[in-house]
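Here's the letter readout for the chains.
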Amino acid sequence: MSGPASEPAGQSAGTAPVTTAPDSAGKEPGRGNRGTMRRAEARAGLALISPTLVIVVVMVVVPILWTVLLAFQRLRLLNLRTTGLFGAFTLDNFSNVFGSGSFWGSLVTTLTYSVLGTGFAIGLGLVAALALRRPFRGRNLVRAAMLLPYVAPIVAVTFAWTTMLNPQFGVVNFWGTSLLGWDEPIAFLSERPAALITVIAFEAWRSFPFAFLFLTARLQAVPGSLEEAARVDGATVSQRFRYIVLPQLLPTIAVLAVLRFIWTFNSFDDIYLLTGGGAGTEVISVSVFNSLTARGDIGGAAAQALVLAAILAVLVGLYLWRLAPREEQS
Amino acid sequence: MTTTARTTTPTTTARPAAATSPTPRRWSHDTVETRVFGVLRVVVIVGLLLITLFPFYYMVLLSVRPLDQVVGDPGALAVAPADLDLGSYAAVLAPTGSGGQGFLVFMANSALVALGTVAVTLLIALPGAYAVSRLRFFGHRQVSVLFLAVYLFPAILLAVPLFVFFTRIGLRGSLAGLLIVYVSQIVAVSIYMLRNYFDTVPVSLEEAAAIDGCSRLGIMRRISLPLAMPAIMANALFVFMIAWNEFLFALLFLVEQRDRWTVSLGISQLAGSIEVPTTVLMAGSVIVTVPIIVLFFAGERLLVEGLTAGAEKG
């Protein structure tokens, strides 16, 4: 908070002495000194940040730009070593992407998955944060336990889930058929509607702790006096939540919704490890991966990744320009 | 928050006096709601604990049960002490030469990559975070925006060019290549977290040191770094956990050479094969999860503070 707010003042104060410093350096020692100090500071700043900049530019920015080039080339993994950096440019990859029904299917799946996954994760996080709001013995331990799904290695938890849901010897199907009276075991990860529902449930399970953590932090900052006053005025528990607590949580929920949506929209690991993209769960990122490794179609993979990024750029843009300034005001 | 325990009694004792007010019905409504939500709260907490912990419990349970028992009685929720079988752990850790899965090698690979990532990231991010927090330099704002964008952009977008690039220069299959990729993606978040901390350290301390004749580097080393130590530790834990858990780039870069696999990659690659029993891989899952849980509980307070540092302004 203090960073962005104090920046404009610091910068304008900083640039003025620098411009006057060169001529007046000899005559006015005080001002000149400050100018050289400013320049020394700027030089030190750049020197300290440059390793980061180099690695980010080389390993992130340049590759992203290169993806754009790749997307306009007909490049396959097989002929990778023989083709140059600037091959023949073509729009084929994009016409293939937009022309195929599978891309639009993937997009719909991705959107369904992200919207529902985000919604359930935040909902569950809110319920958890509210339930653990009042202190009780062992609350810290319960809170820490709530965070486990989020910090545990993705491969380990997806493996536990796939085994739990296994139709032959999974615990869920065993209890489902013997206790809940299911006619036959459900193939949670390889049947059409079930697989998408399962990966959404997994996403909610995996990332509700993130929402829980942020909402808990925000709840701690809600002043108790407002609720006390409302209670005295006769507001019930649900009314106090609806009119006092929830309005204060809404900005946090909005930020969470955008962040979680972006991450869920991109997420690859969860679905790849649970279903491999089968049974109607092939989101765009899994489709990019399959194009790249299974089909060796580098150009096609790059084109799909680029479309994914374009949709995301819009979302990130919305976040930066709509939400961030509002956040600064509050 | 201790007020809640107190106020439930006053409300009930205050009610008779308030019963003369024109709306006595609402009080009972409130009491009903308080009771319902009180019960609901307990149910929710127990339910949440069950769903968060059960997969972990199941993981441990399967790792200590012999395979034939798991197939024969899949619904068992506990294991008798007599049936306790640690054979899965022996099988998963033993080298491939003696019939095991060679997870000791995978663990060494994971640890090497994760620790290397922590060291390199901190080495680069600490000066960077200090610069972004303390020094005014040209492009200072743009750098912050760039880092935020890097943080939010999809890893899969980078997968294509990095895969092609590393294939061409022949670094695919090397742990060093993977390490560089990890550092490049984590360093932005790392700077963001550390910067938030540096911002809270009063500048006056550094100014006092400068007046006493300390150089810029001396200030960083003697004043800023010691003060930021808790944040640095939290950051190191955070980076370690990300690198240890990472899957996509490990899969893209290392999949062809088994002796370079990380633990995560090992589990995911062997999960599909029929020859490796599920119980053995469950033991592998426990092995990859335990260090994370130990670190998490050891540094929980630090981590939670670090993670939510940006949330309080919301």
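Since we're looking at a predicted model, the values are computed, not measured.

Along chain A, the regular secondary structure elements total 14 helices and zero strands. Walking chain A from its N terminus toward its C terminus, one meets helices and strands in the order α-α-α-α-α-α-α-α-α-α-α-α-α-α. Taking all 330 residues of chain A together, the buried fraction comes to 38%.

Residues and elements named next belong to chain B. If you trace the backbone, Thr117 turns up in helix 5 (residues 103–134). C-alpha of Thr117 to C-alpha of Ala90: the two residues are 27 residues apart in sequence and 29 Å apart in space. Beyond its immediate sequence surroundings of up to four residues, Thr117 is in contact with Leu179, Tyr182, Val183, Ile186, Val239 and Ala243.

Of all hydrophobic cores here, the largest spans 158 residues; its most connected members are Ala128, Ala211 and Ala305 of chain A together with Ala159, Val160 and Leu194 of chain B. When residues in this core are grouped by element, the largest group, 15 residues, is from helix 9 (residues 192–220) of chain A. Apart from residues lying up to four places away in sequence, Leu194 of chain B is in contact with Ala125, Leu126, Ala129, Ala228, Ala231 and Asn235 of chain B.

It is worth spelling out the environment of Leu46 of chain A at this point. Within the element layout of this structure, Leu46 of chain A appears in helix 2 (residues 29–71). In sequence terms Leu46 of chain A and Phe208 of chain A are 162 residues apart; their C-alpha atoms lie 39 Å from each other.

Residues and elements named next belong to chain B. Each assigned domain of chain B is listed with its residue range as follows: domain 1 (3–93) and domain 2 (96–308). Taken together, the contact pairs 12 residues of domain 1 with 14 residues of domain 2. Among the elements of the structure, helix 2 (24–63), helix 3 (67–72) and helix 4 (87–93) are those that each provide at least two residues to the side of domain 1 that touches domain 2. It is helix 4 that provides the largest number of residues to the side of domain 1 that touches domain 2, a total of five residues.

The next subject is the packing of helix 6 (residues 140–152) of chain B against helix 8 (residues 175–200) of chain B. Residues and elements named next belong to chain B. Relative to each other, helix 6 and helix 8 sit at 125 degrees, their axes nearing to 8 Å. What the angle tells us is that helix 6 and helix 8 run oblique. For the element pair helix 6 and helix 8, the recorded crossing hand is left-handed. Contact with helix 6, carried on its side by Phe147, Val150 and Tyr151, involves Ala188, Val189, Ile191 and Tyr192 of helix 8 and no other residues of that element. Each residue belonging to the contact of helix 6 with helix 8 can be placed in one class, and the counts come to seven nonpolar, no polar and no charged.

Residues and elements named next belong to chain A. If you check the backbone angles, Ala279 has positive phi at about 55 degrees while not being a glycine. Considering the arrangement of structural elements, one finds Ala279 in the loop between helix 12 (269–274) and helix 13 (284–293). Ala279 gets classed as partly exposed once you count the C-beta atoms within 10 Å, which come to 19.

Between chain A and chain B, the contact holds 88 residues from the first and 95 residues from the second. Per-element tally for the side of chain A that touches chain B: the top contributor is helix 2 of chain A, with 18 residues. Considered class by class, the residues forming the side of chain A that touches chain B number 64 nonpolar, 18 polar and six charged.

Right, let's talk about helix 13 (residues 263–271) of chain B for a bit. Across the nine residues that make up helix 13 of chain B, a large majority, seven, are buried. Taken residue by residue, helix 13 of chain B has Val263, Ser264, Leu265, Gly266, Ile267, Ser268 and Leu270 of chain B as its buried positions. The elements touched by buried residues of helix 13 of chain B are helix 7 (154–164) and helix 12 of chain A together with helix 5, helix 11 (229–245), helix 12 (248–254) and helix 14 (278–298) of chain B.

As a further point, take the packing of helix 11 of chain B against helix 14 of chain B. Residue and element names in this part refer to chain B. Contact geometry for helix 11 and helix 14: axes closest at 11 Å, N-to-C directions at 165 degrees. One element, helix 11, and the other, helix 14, form an angle in the roughly antiparallel class. Considering the relative orientation of helix 11 and helix 14, their crossing is left-handed. Contacts between helix 11 and helix 14 pair Leu237, Phe240, Met241, Trp244 and Asn245 from the former with Pro291, Ile292 and Leu295 from the latter. For the contact of helix 11 with helix 14, the class distribution of residues is seven nonpolar, one polar and no charged.

Parameters and conventions
One numbering rule holds for all chains: residues counted from 1, following each sequence as written. All chains are assigned letters beginning with A, and all ligands numbers beginning with 1, in the order in which they are written. Residues qualify for local features only when their pLDDT is at least 70, as the model is predicted, and side-chain atom pairs are given and counted only at 80 or more; totals for whole chains, interfaces and linings, by contrast, use all residues. To qualify as a helix, a DSSP run of H or I must reach at least 4 residues; to qualify as a strand, a run of E must reach at least 2; elements of each kind are numbered from the N terminus. Whether a residue is buried, exposed or partly exposed follows from its count of other C-beta atoms within 10 Å of its own C-beta, namely 20 or more, 12 or fewer, or something in between, respectively; the C-beta atoms are built from the backbone. C-beta atoms are placed from the backbone for every residue, and two residues are taken to be in contact when these atoms lie within 7 Å. Note on terminology: a nonpolar core is a set of buried residues of type Ala, Val, Leu, Ile, Met, Phe, Trp, Tyr or Cys, with members joined through C-beta atoms within 7 Å. Segmentation into domains, and thus their bounds, comes from an automatic or database assignment. Axis lines are fitted to C-alpha atoms, over the contacting stretch for helices. Their N-to-C directions set the angle, which ranges from 0 to 180 degrees. Throughout, the term roughly parallel applies to angles under 35 degrees, roughly antiparallel to angles over 145, roughly perpendicular to angles from 65 to 115, and oblique to all others. Crossings are assigned a handedness: left-handed for a near helix turned anticlockwise from the far helix by less than a right angle, right-handed for a clockwise turn. Three classes are used, and their members are as follows: Ala, Val, Leu, Ile, Met, Phe, Trp, Tyr, Cys and Pro are nonpolar, Asp, Glu, Lys and Arg are charged, and the others, Gly among them, are polar.

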